[in-house]
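Chains, contacts and geometry: an overview
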Amino acid sequence: SVCKFISYSVGVHKMRDKLRKWREDNHRNSEQIVDVGEELINEHASKLGDDIWIIYEQVMIAALDCSRDDLAWTCLQELKRQFPGSQRVKRLAGMRLEALEKYEDASKQYDSILQDDPTNTAARKRKISILKAQGKSAEAIRELNEYLEQFVGDQEAWHELSELYINEHDYGKAAFCLEELMMTNPHNHLYCEQYAEVKYTQGGLENLELSRKYFAQALKLNNRNMRALFGLYMSASHIAACPKVNATVKKANVKYAAWATNQINRAYQLAGRGTKENKCSVKAVEEMLESMQITMS
Amino acid sequence: MRMSIKLTTQAYCKMLLHAAKYPHCAVNGLLVAEKQKEKKKDSHSTPILCVDCIPLFHGTLALAPMLEVALTLIDTWCKENKYVIAGYYQANERTKDFRPNQVSEKVGARIAENFSEAAMIMVDSTRFTMGCYEPILAIYDHHENKWKCRDCNVDSFDDWCEAQKITSALLEGRSYESLIDFDNHLDDLRNDWTNPEINKSVLHLC
């Protein structure tokens, strides 16, 4: 009947849109992608038009994440058949080898891509990912630095490098990477806030003051960033409690911390409205802020 | 003689659900125990019972500010509920890497300052299965400024059979999709890091 047909294809559209949104947001919700994608591929392939190829790619990567080699293999075969000799498909074949922990074979696969196309950034990044997977952080960092000398505008790479440095507790170099990102993305509140966290972790009065400034900047860019708000509170409180600061600086930071306290309390009140469970969070936050006021004075 | 540590089903299962929710990330969190009323003379016979688990972060664990916020906030919450922070757990990013690192040792030491019998727990992801047939933890004690690994077996659990059965059931049912950690809470304050719904599920299955 006509009605059945309509509800059927609405379902397919919804599933396709879900997959597209997850692709655009770069969501790593692999189990859900496999659930939705596998059904689409198995039952509704004919209704997907040209979208099917990018869906095969997306589902394949998600399938590797879920150890579904059967599904990944199916997707790969379809892509190989449709795009013979494609570098992009070759890279996917390499990723499958990585998932099977066949790192040498995967590396050879990427090397062959790079032989044909030395500027293939995807293959270079996969090689660095292999080093990461093998726990060779120092090498991964070195390769990524070399990569960035050539591809200085690659934000994903700068961010990856900042994370590698943070994991090695090399906060100074992590800060440098985030500075690059902030320069090219001055309106991105997340980079500001992460930079502030790195500075705070580095410690010392100068870094604390810098961290406070960047938490404040992140808040200016997005006044709902709770990490920035908490960060502003913590950094200002620590500066105010520091015996080295003069009375003026102390007074200013007590003010910043008080303002942040207010905002934090407001945010919790707003969030806790109507829910019984959240009352404990609200109370805990109030008490925490009160107890820190005491240590500051 | 060191007091032994025991985990309830709720504590164990929330730890594993946290690790299952983010298989591609490092995760960490805290364990809480009920505050002991008085110090008994032969208190070494009473094990420390970790009754609950508070999942903290996933991804980058080596930054200080949010960890400080979480520790302070959860400490306040503990005081209200007559709990004490008794342990720290961590699962590393790489499956094969289950050794303690600088982060786990630092946070563990910090907790040990307030609770001398604090345990540092590393999750061994190589043995992580849906069936949960064996405990997959390595438990470390703070001893003369070093962390020493002690045996983790079924005796480390209040009721291993129950823990195994319920954790496995919740994994199969994908309960980890609704598990909330402190990171999720910071993303949206309405997300409750005490995980009341999962606690209910655990009770329901008991």
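Position numbers for residues start from 1 in each chain and track the written sequence from start to end. To read the labels, note that chains go from A and ligands from 1, taken in the order they are written. With the structure being a predicted model, the display of local features is reserved for residues of pLDDT at least 70 and the display and counting of side-chain atom pairs for 80 or more, all residues being used for whole-chain, interface and lining totals. Based on all heavy atoms of the structure, the side-chain values leave hydrogens and waters out of the count.

An unreviewed UniProt entry annotates chain B as ER membrane protein complex subunit 8 originating from Oncorhynchus mykiss. UniProt positions are given in the numbering used here, feature names are shortened, and annotations may be inferred rather than shown by experiment. In its Subunit (unreviewed entry) section, UniProt records this for chain B: "Component of the ER membrane protein complex (EMC). EMC8 and EMC9 are mutually exclusive subunits of the EMC complex." Database annotation for chain B, UniProt heading Sequence similarities (unreviewed entry): "Belongs to the EMC8/EMC9 family."

Labelled according to an unreviewed UniProt entry, chain A appears under the name ER membrane protein complex subunit 2, originating from Oncorhynchus mykiss. For chain A, the Function (unreviewed entry) comment in UniProt is given as "Part of the endoplasmic reticulum membrane protein complex (EMC) that enables the energy-independent insertion into endoplasmic reticulum membranes of newly synthesized membrane proteins." In its Subcellular location (unreviewed entry) section, UniProt records this for chain A: "Endoplasmic reticulum membrane".

The next point concerns helix α1 (residues 9–21) of chain B. All names here are of chain B. Starting at the N terminus, helices and strands are each numbered in turn, a helix being any DSSP run of H or I of at least four residues and a strand any DSSP run of E of at least two. To estimate how far a helix should extend, the number of its residues minus one is multiplied by 1.5 Å. In this model, α1 (13 residues) spans 18 Å end to end at C-alpha, consistent with the 18 Å of a helix rising 1.5 Å per residue. Within α1, twelve of the 13 residues are buried, leaving the element largely enclosed by the surrounding structure. Each residue gets one of three labels from its accessible area relative to the maximum for its type: buried under 20%, exposed over 50%, partly exposed in between, using a 1.4 Å probe on protein chains only. Every buried residue of α1 is accounted for by T9, Q10, A11, Y12, C13, K14, M15, L16, L17, H18, A19 and A20.

This next bit is on the packing of aromatic side chains. Any two rings among Phe, Tyr and Trp, with Trp reduced to its six-membered ring, count as a pair given centres within 6.5 Å; such a pair is stacked if its planes are under 30 degrees apart, edge-to-face if over 60, and tilted if neither. Counted by the stated rule, this structure contains 13 aromatic pairs over all chains. Between W158 of chain A and F176 of chain A the ring centres are 6.2 Å apart and the planes differ by 65°, which places this aromatic pair in the edge-to-face class. With W158 of chain A in helix α9 (residues 155–167) and F176 of chain A in helix α10 (residues 171–184), this residue pair connects regions lying 18 residues apart in the sequence. Where F230 of chain A meets Y268 of chain A, the ring centres are 6.4 Å apart and the plane angle is 70°; that geometry is what we call edge-to-face. Residue F230 of chain A is located in helix α13 (residues 226–241), and its partner Y268 of chain A is located in helix α14 (residues 247–272); the two are separated by 38 residues in the primary sequence. Y268 of chain A shares its class with F230 of chain A; the two are buried. Among the aromatic side chains, those forming a connected cluster through ring pairs are F57, W77, Y83, F182 and W193 of chain B.

All names here are of chain A. Where like charges cluster on the molecular surface, the negative patch consists of E139, E143, E146 and E149. For E139, the position within the fold is in helix α8 (residues 137–150). Residue E139 is classed as partly exposed on the basis of its relative accessible area of 34%. Patch definition: residues above 30% relative accessible area lacking any salt bridge, with like charges linked at up to 9 Å and the nonpolar side chains Val, Leu, Ile, Met, Phe, Trp and Tyr linked at up to 5 Å. Areas reported as accessible are Shrake-Rupley estimates using a 1.4 Å probe. Residue values count occlusion only from the protein chains shown. Salt bridge criterion: a side-chain nitrogen from Lys or Arg within 4 Å of a carboxyl oxygen from Asp or Glu. Positive charges are assigned to Lys and Arg, negative charges to Asp and Glu, while His and the chain termini are left out of the count. Charged groups are reduced to one reference atom each: NZ for lysine, CZ for arginine, CG for aspartic acid, CD for glutamic acid.

Let's shift gears to the sheet that holds strand β7 (residues 146–150) of chain B. Residue and element names in this part refer to chain B. Here, strands pair whenever DSSP counts at least two bridges between them. Strand order in this open sheet of seven strands is β1-β3-β2-β4-β5-β6-β7, and the pairing throughout is mixed. Edge positions in the sheet fall to β1 (5–7) and β7, since each has one partner strand and no second. Each strand axis lies, on average, 35° off the axis of its neighbour in the sheet, ignoring direction. The pairing of strand β2 (residues 27–34) with strand β4 (residues 83–91) spans eight bridges and is classified as antiparallel. The residue bridging A33 from the neighbouring strand is V84, located in β4. The axes are straight lines fitted to the C-alpha atoms, using for helices just the contacting stretch, and the angles between their N-to-C directions are given from 0 to 180°.

With numbering aligned to this structure, UniProt lists the feature "domain: EMC2 TPR-like" (unreviewed entry) at residues 90–199 of chain A. When the span residues 90–199 of chain A is considered, its composition is 81% helix and 0% strand, and the gap between its end C-alpha atoms is 41 Å.

Right, let's talk about the confidence of the model for chain B for a bit. Each residue carries a pLDDT value, the predictor's own confidence for that position, ranging from 0 to 100. Looking at chain B, the pLDDT average stands at 92 and 95% of residues meet or exceed 70. Among the prediction metrics, the complex's ipTM stands at 0.93, with pTM recorded as 0.93.

All names here are of chain A. Here S235 lies in helix α13. The exposure class assigned to S235 is buried, which follows from its relative accessible area of 0%. Ignoring anything within four residues of it in the chain, the contact list for S235 reads Y200, L208, S211, R212 and F215. It only takes one pair of heavy atoms within 4.5 Å for two residues to be counted as in contact.

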